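Here is what each chain is made of, one letter per residue.
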Amino acid sequence: MCGILGLLLHDPSVDAAPDICEGLSLLQHRGQDACGIVTCGPKGRFFQCKANGMVRDVFDEKAISKLIGGMGVGHVRYPTAGSSNHAEAQPFYVNSPYGIVFAHNGNLIDGPSLLQYMDATAHRHINTSSDSELLLNLFANNLQQTGKFRINEDDIFNAIGGLMKQCTGAYACVAMLAGFGIIAFRDPNGIRPVGVASRRSNSGKDYLFASESIVADALGFSEWEDVKPGEAVIITRSGVSRKRVAEHATFAPDIFEFVYFARPDSVLDGISVYRSRMAMGDALAVEVDKVLKQHGITVDVVIPVPDTSRVAALNLAQKLSLPYREGFIKNRYVGRTFIMPGQQMRRKNVRRKLNAMALEFSGKNVLLVDDSIVRGTTSKEIIQMAKDVGAKKVIVASCAPPIRYSNVYGIDMPSRTELVAYGRTTQEIAEAIGADLVVFQTLPDLVASVRQFNPSIPTFDCSVFTGEYVTGGVTEEYLRQLELLRADNVKHKLTANSREDKGEGSVVNGFHDRETMVASSGPINRADDTVGLHNTWNVS
Ligand SMILES: O=P(O)(O)OC[C@H]1O[C@H](OP(=O)(O)OP(=O)(O)O)[C@H](O)[C@@H]1O
Ligand SMILES: NC(=O)CC[C@H](N)C(=O)O
Ligand SMILES: [Mg+2]
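Once a new chain begins, its residue numbering starts again from 1 and follows that chain's sequence as written. Chains carry letters from A onward and ligands carry numbers from 1 onward, assigned in written order. Whole-chain, interface and lining totals are the exception, using all residues; otherwise, since this is a predicted model, local features are given only for residues with pLDDT of at least 70 and side-chain atom pairs are given and counted only at 80 or more.

> Mind laying out the overall build of the protein, listing which residues take part and the relevant values?
Helix and strand assignments follow DSSP, with helices taken as H or I runs no shorter than four residues and strands as E runs no shorter than two, numbered in order from the N terminus. Of the regular secondary structure elements, the protein holds 18 helices and 21 strands. The atom set for the radius of gyration is the C-alpha atoms, and the globule formula is 2.2 Å times the number of residues raised to the power 0.38. For 540 residues, the compact-globule estimate of 2.2 N^0.38 gives 24 Å, and the C-alpha radius of gyration of the protein, at 23 Å, lies within 12% of that figure. Projecting the C-alpha coordinates of the protein onto the three principal axes gives extents of approximately 75 × 50 × 50 Å. Between the buried cut of 20 or more and the exposed cut of 12 or fewer other C-beta atoms within 10 Å of a residue's own C-beta lies the partly exposed class, and all C-beta atoms are placed from the backbone. Buried positions account for 54% of the 540 residues belonging to the protein. Contact between residues is assigned whenever the C-beta positions, reconstructed from backbone atoms, fall within 7 Å. Taking contacts inside the protein between residues at least 6 apart in sequence as the whole, the part at least 24 apart equals 72%.

> For the sheet that holds strand S10 (residues 205-210), give the residues involved together with the corresponding values.
Pairing between two strands requires that DSSP report at least two bridges joining them. Reading across from one edge, S3-S2-S4-S1-S10-S9-S11 is the order of the 7 strands in this open sheet, with antiparallel pairing throughout. The sheet terminates laterally at strand S3 (46-52) and strand S11 (222-226), the two strands that pair on one side only. The average angle at which neighbouring strand axes cross in this sheet is 10°, direction not considered. Across 6 bridges, the pairing between strand S1 (residues 3-8) and strand S4 (residues 71-77) is antiparallel. Bridge assignment links Ile-4 to a residue of S4, and that residue is His-75. Axis lines are fitted to C-alpha atoms, over the contacting stretch for helices. Their N-to-C directions set the angle, which ranges from 0 to 180 degrees.

> Now, about the domain arrangement of the protein: what can you tell me, with residues and values included?
For the protein, the assigned domains are domain 1 (3-249 + 512-528) and domain 2 (271-491). Listed per partner, the contact involves 19 residues of domain 1 and 15 residues of domain 2. Of all the secondary structure elements, the ones that give two or more residues to the side of domain 1 that touches domain 2 are strand S6 (100-108) and strand S7 (169-177). Top contributing element to the side of domain 1 that touches domain 2 by residue count: S6, with 3 residues. A domain assignment, automatic or from a database, supplies the domain bounds used here.

> Got a sec to walk through the UniProt feature "binding site: Mg(2+)" (unreviewed entry) in the protein? Specific residues and values, please.
With numbering matched to this structure, UniProt assigns "binding site: Mg(2+)" (unreviewed entry) to Thr-308, Asp-370 and Asp-371. On the basis of their most widely separated C-alpha atoms, the annotated residues across 64 residues gather in one place, lying no more than 7.5 Å apart. Considering the arrangement of structural elements, one finds Thr-308 in the loop between strand S16 (301-304) and helix H10 (310-319). With residues up to four places along the chain from it excluded, the contact list for Thr-308 reads Tyr-260 and Asp-371. By secondary structure assignment, the location of Asp-370 is in strand S19 (residues 365-370). Residue classification places Asp-370 among the buried residues on the basis of 22 C-beta atoms within 10 Å. Not counting residues within four places of it along the chain, the set of residues in contact with Asp-370 comprises Val-305, Ser-309, Thr-378, Ser-379, Val-396 and Ser-398. UniProt positions are given in the numbering used here, feature names are shortened, and annotations may be inferred rather than shown by experiment.

> For the nonpolar core, give the residues involved together with the corresponding values.
Ranked by internal contacts, the top residues of the largest apolar core, which has 168 residues, are Leu-5, Phe-139, Cys-173 and Val-174. The greatest single-element share of this core, amounting to 8 residues, is contributed by S7. Counting only domains with at least three residues in this core, you end up with domain 1 (3-249 + 512-528) and domain 2 (271-491). Discounting chain neighbours no more than four positions away, the residues touching Leu-5 are Ile-20, Gly-23, Leu-24, Leu-27, Val-73, Gly-74, Val-174, Phe-209, Ala-210 and Val-215. Only buried residues count toward a nonpolar core: Ala, Val, Leu, Ile, Met, Phe, Trp, Tyr and Cys, linked into one set through C-beta atoms within 7 Å.

> Mind laying out the sheet that holds strand S13 (residues 239-244), listing which residues take part and the relevant values?
The strand order across the open sheet built from 6 strands is S5-S6-S7-S8-S12-S13, with neighbouring strands paired in antiparallel fashion. Strands at the two margins of the open sheet, each flanked by one partner only, are strand S5 (92-94) and S13. Taken over all neighbouring pairs, the strand axes of this sheet differ in orientation by 20° on average, direction set aside. The sheet contact formed by strand S8 (residues 181-186) and strand S12 (residues 231-236) spans 5 bridges and is antiparallel. Note on S12: the bridge partner recorded for Ile-182 is Ile-235. Contacts from helix H6 (residues 153-166) reach S8, S12 and S13 within the one sheet, and its direction differs from that of S12 by about 150°.

> Which residues make up the site of ligand 2, and what are the values?
Not every one of the 17 residues close to ligand 2 is listed here, only the nearest: Cys-2, Pro-79, Ala-81, Asn-105 and Gly-410. A per-element tally of the shell around ligand 2 places S6 first, with 4 residues. Polar here means any residue outside two lists: the nonpolar Ala, Val, Leu, Ile, Met, Phe, Trp, Tyr, Cys and Pro, and the charged Asp, Glu, Lys and Arg; Gly therefore counts as polar. Considering only residue class, the shell around ligand 2 consists of 5 nonpolar, 9 polar and 3 charged. Think of it this way: take the backbone, place a C-beta atom on it, and check whether that atom is within 6 Å of the molecule or strand, in which case the residue is near it.

> For the UniProt feature "active site" (unreviewed entry) in the protein, give the residues involved together with the corresponding values.
Within this numbering scheme, the UniProt entry marks Cys-2 as carrying the feature "active site" (unreviewed entry). Here Cys-2 lies in the segment before S1. Excluding its chain neighbours within four sequence positions, the residues that come into contact with Cys-2 are Arg-30, Gly-31, His-75, Val-76, Arg-77, Tyr-78, His-104 and Asn-105.

> Describe the confidence of the model for the protein, naming the residues involved and giving the relevant values.
The predictor attaches a confidence to each residue, and that confidence, scored 0 to 100, is pLDDT. Averaged over every residue, the pLDDT of the protein is 91; residues scoring 70 or more account for 91%. Predicted confidence is poor over residues 496-540, with pLDDT under 50, and the contacts of this stretch with residues over four places away or in other chains come to 78 contacts. On the interface metric, ipTM, the complex scores 0.98, and its pTM is 0.92.

> So what's going on with unusual backbone geometry? Which residues, and what values?
The omega torsion of the bond from Gln-90 to Pro-91 falls at 5°, within 30 degrees of zero and hence cis. Its place among the elements puts Pro-91 in the loop between S4 and S5. Even without glycine at this site, Lys-43 takes up a positive phi of about 60°. Within the secondary structure, Lys-43 is located in the loop between strand S2 (34-40) and S3. With 9 C-beta atoms packed within 10 Å, Lys-43 lands in the exposed category. For Glu-223, which is not glycine, the phi dihedral falls at a positive 55°.

> Describe the site of ligand 1, listing the residues and the values that go with them.
Lining the immediate surroundings of ligand 1 are 19 residues, of which Arg-336, Phe-338, Val-374, Arg-375 and Thr-378 lie closest. No other element matches the 3 residues that helix H13 (residues 377-388) contributes to the shell around ligand 1. Considered class by class, the residues forming the shell around ligand 1 number 7 nonpolar, 7 polar and 5 charged.

> Lay out helix H5 (residues 131-144) in plain terms, naming residues and giving numbers.
Multiplying 1.5 Å by the residue count of a helix minus one yields the expected span of that helix. Under the 1.5 Å per step criterion, the end-to-end length of H5 is 20 Å for 14 residues, consistent within 8% with the ideal 20 Å. For H5, the tally of buried residues reaches 13 of 14 residues, placing the bulk of the element in the interior.

> Requested: an account of the packing of helix H4 (residues 111-122) against H5, with residues and values cited.
Running from N to C, H4 and H5 cross one another at 40°; their axes reach a closest spacing of 10 Å. One element, H4, and the other, H5, form an angle in the oblique class. Once H4 is placed against H5, the crossing between them reads as left-handed. In contact with Gly-111, Leu-114, Leu-115, Met-118 and Ala-122 of H4, H5 contributes Asp-131, Leu-134, Asn-137, Leu-138 and Asn-141. Of the residues assigned to the contact of H4 with H5, the class counts are 6 nonpolar, 3 polar and 1 charged. Roughly parallel means an angle under 35 degrees; roughly antiparallel means over 145; roughly perpendicular covers 65 to 115; every other angle is labelled oblique. The crossing is said to be left-handed when, going from far helix to near helix, the turn is anticlockwise and less than a right angle, and right-handed when the turn is clockwise.

As structure tokens, this is what we get:
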């Protein structure tokens, strides 16, 4: 899952970069691999800074001060296509037509045929394996076909409408046209979130696009509205234009945003993530009570697995009148483990991140509550940790049902065999993770926990639980190919074989972010020498 952001300040002489950077730090939970900002300054010139690393590592005061201009686009990345290479950090840029900058959250499922189209029909060069670069070039090619010297809003709506017919998958996007404005659009099923908000400034109105409403709250924007499925929104200094550009399709936002991805203080598609997690805890309590009685087990204490499950675990404990204790203390400097690349790193970091307090476990039957069990990395480690400090019995309850299918819409779960629930019964899952008992939320209960807050949403993308993919086009052959390409062991080999990742290629860098390599001292390639995009490409 990535985080996207666009900002247009009414006063072009005020720099947008400080707010964009602040906004990206609020979206950090959506992507920890890379981040970037591109701003547009006087004469429509772009200024870029992007690199691998967290927002706080990539952007210091000096880097931000070089990002000139009153509008810009930002991105935090969690790769789901291509590689973690810094050449695939976003936003992406193409100079023709008009100068376009692009940030994408989601994942396309027809990458190979789009690549063929780019090559054979559009004659556009694609320089990375990123699906987002394909999406940008699709947009650019459609704009190019207007053949116009200057385009207007209708041309942009038509280009995006065309794009929505040409590609399949999940995409929430923010784009910027040099000297023109910022644009957001959302795929016809609305799988990934993006919204728009405004703020009064001294001179007029500033506008924001962001993946989650928390960014608007924190930056003093109000009137948050979700971009609708299949809709495009264009913001220029003369105002806002919105249009549904896709034909009707079933609205199906990804339910996993509510389970895990989004911040609890965000409201997505009219639903408070916090409230939905409370409801998940309430519903899970009923299931837990039933299963515990069936097995004749009593529980002494409810313990959440920090961070995401806290909200649900508290409600569950209250509903069952059980004590709630923070038995695991989280190291606040370790990020989310699930979105880290590679199983070894994920496993190591669960131990670095969580510490079990013997006091709360010793001699007790503990009920650990987590939002989801995906690869089982977290559960395996923490169950062992709980037992090591003397827990008698460890029961695990998951706010989400068993995950048995690949995600193809922007969560990096390409391989079914990596999922601990794949091909296993509940009893076998318990054995695999070392629990005495596992209890899963039922899918109807999960959907009801979320949907009750906005019954106008007809359905949610629940493909990781059901194997039903709302966009169509996900065949068994596609899933097999995806597994061959992106399974953990394959990615590991690719990384190990990459000259650049071995440090041998520090001067041969992905073309797109050449300037991030100008100063490469320190653990990340801090973009100390952020420079105007237009004149860095061919300068040696
Ligand atoms: O079964 P797994 O493959 O381990 O994946 C599931 C776990 O990963 C996530 O935690 P994460 O540490 O990413 O983030 P959090 O601090 O927000 O809970 C999620 O909340 C679960 O705890
Ligand atoms: N998680 C995402 O949204 C990823 C966006 C895009 N597919 C990439 O890999 O960069
Ligand atoms: Mg967690």
